[in-house]
Structure formats: C-alpha cells, structure tokens
Amino acid sequence: MNSNTVGWWGLAASLIFVVVAIALTSSFRLGLSRTISIATGRSLVQLLVVGSALTLVIDPDTSLAWSWAWVAGIIVFAAYTVTRRVPQVPNLLPVTLASNVAVAVVGLAIVFGFGVFDLDSRSLVPVSGMIIGNSMKSGVVAAMRVVEASAEQRAEIEAGLALGMSTRQASARFVRSALRTAISPQIEQTAGLGIVFLPGAMTGLLLAGADPLDAVRAQLALMYVILSGTVVGSIVTGLGTVSRLTTPAETLRVTHRASR
Amino acid sequence: MLPAVPVAPTPLFEFRRVGLTIGGTRILQDVDLVIPERGITVVVGPSGSGKSTLLRCCNRLETPTAGTITYRGDDLAELPPRTLRRRVAMVFQAPVVFPGTPLDNLRAADPALGTDEGCRLLERVGLNPDLLERSAERFSGGEAQRLCIARALATEPETLLADECTSALDPDSAEVVEHLARRLADDGMPIVWVTHSVAQRDRMADHVVALAAGRIVTADPEEEAR
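Parameters at a glance
- Residues numbered from 1 in each chain as written.
- Chains lettered and ligands numbered in written order.
- Predicted model: local features only at pLDDT ≥ 70, side-chain atom pairs only at ≥ 80, totals over all residues.
- Core = buried A, V, L, I, M, F, W, Y, C linked by C-beta atoms within 7 Å.
- Buried ≥ 20, exposed ≤ 12 C-beta atoms within 10 Å, placed from the backbone.
- Helix = DSSP H or I, 4+ residues; strand = E, 2+ residues; numbered from the N terminus.
- Contact = placed C-beta atoms within 7 Å.
- Nonpolar A, V, L, I, M, F, W, Y, C, P; charged D, E, K, R; others polar.
- Pairing = 2+ DSSP bridges.
- Axes fitted to C-alpha atoms, helices over the stretch in contact; angles between N-to-C directions.
- Expected span 1.5 Å × (residues − 1).
- Arc of directions from axis to C-beta.
- Parallel < 35°, antiparallel > 145°, perpendicular 65-115°, else oblique.
- Left-handed = near helix turned anticlockwise from the far one by under 90°.

### Details of the nonpolar core
Inference 1: Counting 120 residues, the largest nonpolar core has V43(B), V91(B), A150(B), L161(B), A162(B) and W193(B) as the members making the most contacts within it.
Inference 2: Counting residues per element, this core draws most heavily on helix α5 (residues 121-152) of chain A, which supplies 14 residues.

This is how it looks when you write it as structure tokens:
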C-alpha cells in the first residue's frame, strides 16, 4: 500500500473540515449548514457506491464491455443532468445526448487512438468521466445562459425576427456571449495550470507515487482533450438550445412572459 | 355585353374567429375583423386589451390558438414566417437599435445595402444622412425610432405594423413619426397602427378598430374616425 493512501481514519479526520465549514456558515447565518451536511453525506455514499462498483469493473478479469457500459451510463446521466437544469427547453435530451456522444467519441479517440493512455478499464472510466463531466458543466452554463438571454434580450431578438432573420441569426450575439461564458472558465483553468493549482489527475498521480513529469504529461494531455470537449459540448448544447426554443413560426418560445 | 360586377377588394388582413390563449389567459377572443388595403388602420384600446397581441399575430410573432388570419387573401399560417416578415415590417414600442452605426443597422435588414441607399433611407425618415456612419447608440429616442423605421423600410415591405411606436417619445419626436407614417400611407403603404391614445387615433386614423378585453368593440371606420 502506498504511504499516501487515505485510510478510513484519515477520511473521518477530513470530516473535521466539514464541521469547521458548518460552524463558519452557521456563525455568519448563511443558512447553508443543512445543505453542506446533505452534500457531504451524498458525496460519501455516492462515491463509496461508485468505488465499490469500480472495484468490480476494473478487475483485470472483468470484460472491458462493462467499462464501456459505464461510459454509456455517464453519457446518459450527464445529458439528463443538463436537461434538468433548463426544464423550460422542450425535448433537449437528444441534443445533450448528441453533444456528449460527440465529445466522448472525439476525446476518447484522441486519448486512446494516439496512445496517450492504454485502453483498459482502469483508464477508460475515469478519463471518460473527466471529459464528459467537464463538458456537462459547460453545457449547463451554455444552455442556461441561452435561456436567460432569450428572455432578457427578447426585444432585440424580436427586432431581428421582424426583419426576417432566423432565430439563430437574431440571437447570434447573445448565443456567442453565452458560449464565451460557458467556455471561459475552462480556458482560465488551462491557462492557470500549475501556477494557481495542480489539477486532479496530476495530484492523484503524484499522490500515487508517479514521476512528476509523467504526471504532467498525462495531465496536459487530459486538459487539452477536456478543453476541446468543453468547446464542442458548449457549442452543440448552446445552438441546440436555440433550435429547441424555436417555434414552427420562427419565434423563440416564451420562457418568461412579461406582459401582453 | 354584361355590365361589370363590382368585386370586393381583397382585405389587407382578415381575422376569422381568432382567439389566443396563453397559460389559461384569454388574450384574444372570437376576433372577426377586416383591415382594409389602404390608409392607416388604428387599433385602439386600453392597456391589456390585446391590441399589441393582435398586431403581433399579423406577422406571426404570435400564433393564434383558434381561427384563421389571411393576408391579402393568403392564409397567414401557410406563409413562410421569414418571407412574411419582410413583406410585413414591424416597428416596436421601444426603439431597439442594434450595436454599431445606422449603416450597420440598415444592413441587418439588407446586407447588400450601399451607402447611397443608406443615406436615402435616412433622409426618407427625416434623419440627417451625415449620421450614417456615426454611433447609433447615442441617438435620442426620436432619432432611434426613426432609424428603426428606416431599418424596417430597408426590407422594402408592402405593409408596416407600428406597435405604440410613439409612446416612448417626446411630443415633438412623436409628431415627426406621425407625419412620417402619414407620408408612407399617402405613398401607398398600408399601416396598422396600435395606440392607446384617443387623441392620436383622431389625428391618424383612416379606419379604426377598438378592442376591449380581447374582443372587438367596434371596427367601423367611418363612425370611429370621427
């Protein structure tokens, strides 16, 4: 066992920080104590369940098909998560599914096709999770910002529609802004790599005793794939959201009706 | 030789039992209406009477939930919305100027528009053509609304819809816009003009449609215009 392996007592000790966080939020009356407790409990249960399942999936004797099934599950769950955040948008699931499949196909083809990592269950599941998870986060932001802009900037969008523009043309300025908002954090994270923080995969590899330069190469390859996945996911989800908000009469569906 | 039988002119818009319900709220109910081909038809009514919604139905920014609307005899629901909106232009209550210059705004309507044509459009709405390549975002409310009308005219529309387009303007600017509308109507462009102002109705109307609570109260041009 590596000396950096966290034991059960170590995990229990880390909960002290959660207690500190709850105490601080209580003293400032932020009303977050219950939320923090639930989030901590959920993460504990979810990750223990996932960890147990992963133990079975990454067993060398287990077929790689189980890992691919896991990846399919990640794709579907991430797609569903985006749709849940923008319930105003009808029938968005096919768009978010298509987005995640595109991101996964491109990302995994690069990572495993070019031999960045060996294709085995130990790498397939976590790499897929990182690529699709980050794409999901930016997809949520892109979809939410498009929905907000369709309501907030309705006057300008309708002025464009009244000139015979398509909904995509009339909302282009706001969709571009939404996509920038969705993609920018990942660009910042890529730019700040190593200076501001050491990212998760690299930290994990270092804790597991890997050579720092090996850890850096693995992390950089992942970050570049994640960055392109974020861009692809944001664009597909953002444009797909506009498309789903477009009515047959070439108007944008009303998500927040102001007045008549 | 048989005598010529007078044929009723095709109306500009004809509403037949049009209704529009949104979220359980009836905004238009059983609207039967003929808007004639020529002149300025003023749609008047108190706030919330559905007059803006009625206007928005004319270029399919709203879709009725009941009944049919025809434009020059064609079922509106069958006309491609983007083509229809270039034939039936609309100016809104609050002028919406796109970022950039007046020329950029005019080119949003017609990307191939040249500077000479841009100058002519500004002159047509009473704006100084020297403004063509200045920042449109510094325009006063009246200038901005006239630019919006010029932008609408850049699509070379057959008909103009105006949704309380002077209500956000000072009296002098409103007068300029009213004169502009009258000139366009006199040049043969039919205009459907929404207002809540009885005084403006009296100044502008060739025909009047009065709405209350989503229903037509009167649509008698001769009576109401007086």
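Anyway, onward from the coordinates.
### What to know about the interface of chain B and chain A
Inference 1: Residue-level contacts link 23 residues of chain B with 15 residues of chain A.
Inference 2: Here the residues of the side of chain B that touches chain A are counted per class, giving 11 nonpolar, seven polar and five charged.

### Thoughts on the environment of R26(B)
All names here are of chain B.
Inference 1: Looking at where R26 falls in the secondary structure, it is placed in strand β2 (residues 25-35).
Inference 2: A count of 16 C-beta atoms within 10 Å places R26 in the partly exposed class.
Inference 3: Sequence separation of R26 and T65 is 39 residues, and the distance between their C-alpha atoms is 9.9 Å.
Inference 4: When sequence neighbours within four positions are dropped, the list of residues in contact with R26 reads G19, T21 and G214.

### A short note on the sheet that holds strand β8 (residues 191-195) of chain B
Paired through their backbone hydrogen bonds, the strands of a sheet run either parallel or antiparallel.
All names here are of chain B.
Inference 1: The mixed open sheet is built from six strands, whose spatial order is β6-β7-β8-β3-β9-β10. In this open sheet, the two edge strands, each paired with only one partner strand, are β6 (88-91) and β10 (215-218). Looking at each pair of strands side by side, their axes are set apart by 25 degrees on average, direction ignored.
Inference 2: Pairing between strand β7 (residues 159-163) and β8: four bridges, direction parallel. Looking at β8, one finds that A162 is bridged to W193.

### A look at the pairing of strand β9 (residues 207-212) of chain B
Successive side chains on a regular strand alternate, one facing one side of the sheet and the next facing the other.
All names here are of chain B.
Inference 1: Counting buried positions along β9 gives five out of six residues, so the element sits mostly inside the fold.
Inference 2: In this sheet, β9 lies alongside strand β3 (residues 40-44) in parallel orientation, the contact comprising four bridges. Note on β9: the bridge partner recorded for T41 is H207.
Inference 3: With three bridges connecting them, β9 and β10 associate as antiparallel partners. When the bridges of β10 are listed, A210 appears paired with T218.
Inference 4: Taking the residues between adjacent antiparallel strands as the criterion, β9 and β10 are bridged by two residues, where A213 takes a positive phi near 50 degrees.

### Section: the pairing of β2(B)
Inference 1: Here strand β1 (residues 13-22) of chain B pairs with β2(B) via seven bridges, running antiparallel. Bridge assignment links F13(B) to a residue of β2(B), and that residue is I35(B).

### Let's talk about unusual backbone geometry
Inference 1: Positive phi outside glycine occurs at R60(B), with the angle close to 65 degrees.
Inference 2: Looking at R60(B), the number of C-beta atoms within 10 Å reads 25, which means it is buried.

### Examining the sheet that holds strand β4 (residues 66-71) of chain B
Inference 1: Across the sheet, which stays open at both edges, the four strands sit in the order β2-β1-β4-β5 (chain B) with antiparallel pairing between neighbours. Strands with a single pairing partner mark the edges of an open sheet, and in this sheet they are β2 and β5 (74-75) of chain B.

### Section: helix α3 (residues 64-85) of chain A
All names here are of chain A.
Inference 1: Its 22 residues place the ends of α3 32 Å apart at the C-alpha level, agreeing with the 32 Å of an ideal helix rising 1.5 Å per residue.
Inference 2: Listed as buried for α3 are S67, W70, V71, I75, A78, A79, V82 and T83.
Inference 3: Turning to α3, the residues buried within the fold contact α2 (33-57), α4 (93-113), α5 and α10 (212-245).

### Overview of the environment of L11(A)
Inference 1: Along the chain, L11(A) turns up in helix α1 (residues 8-27).
Inference 2: In this structure, the C-alpha to C-alpha distance between L11(A) and L44(A), residues 33 residues apart in sequence, is 9.9 Å.

### Describing helix α4 (residues 115-124) of chain B
Residues and elements named next belong to chain B.
Inference 1: Within the span of α4, buried status applies to G118, L121 and L122. Taken end-on, α4 shows its buried residues confined to a sector of 100 degrees, consistent with a single buried face. For α4, the exposed residues set more than 90 degrees away from the buried face come down to D116 and E123.
Inference 2: Against α3 (102-109) and α5 (141-153) lie the buried residues of α4.

### Thoughts on the packing of α5(A) against helix α8 (residues 172-191) of chain A
All names here are of chain A.
Inference 1: Following both chains from N to C, one finds α5 and α8 inclined at 150 degrees, their axes separated by 8 Å at the closest point. Put simply, α5 runs roughly antiparallel to α8. The hand of the α5/α8 crossing is right-handed. Here N134, S138, V141, A142, R145, V146 and A149 of α5 lie close against α8, whose contacting residues are F174, V175, A178, L179, T181, A182, I183 and Q186.
Inference 2: Here the contact of α5 with α8 is built from residues that sort into 10 nonpolar, four polar and one charged.

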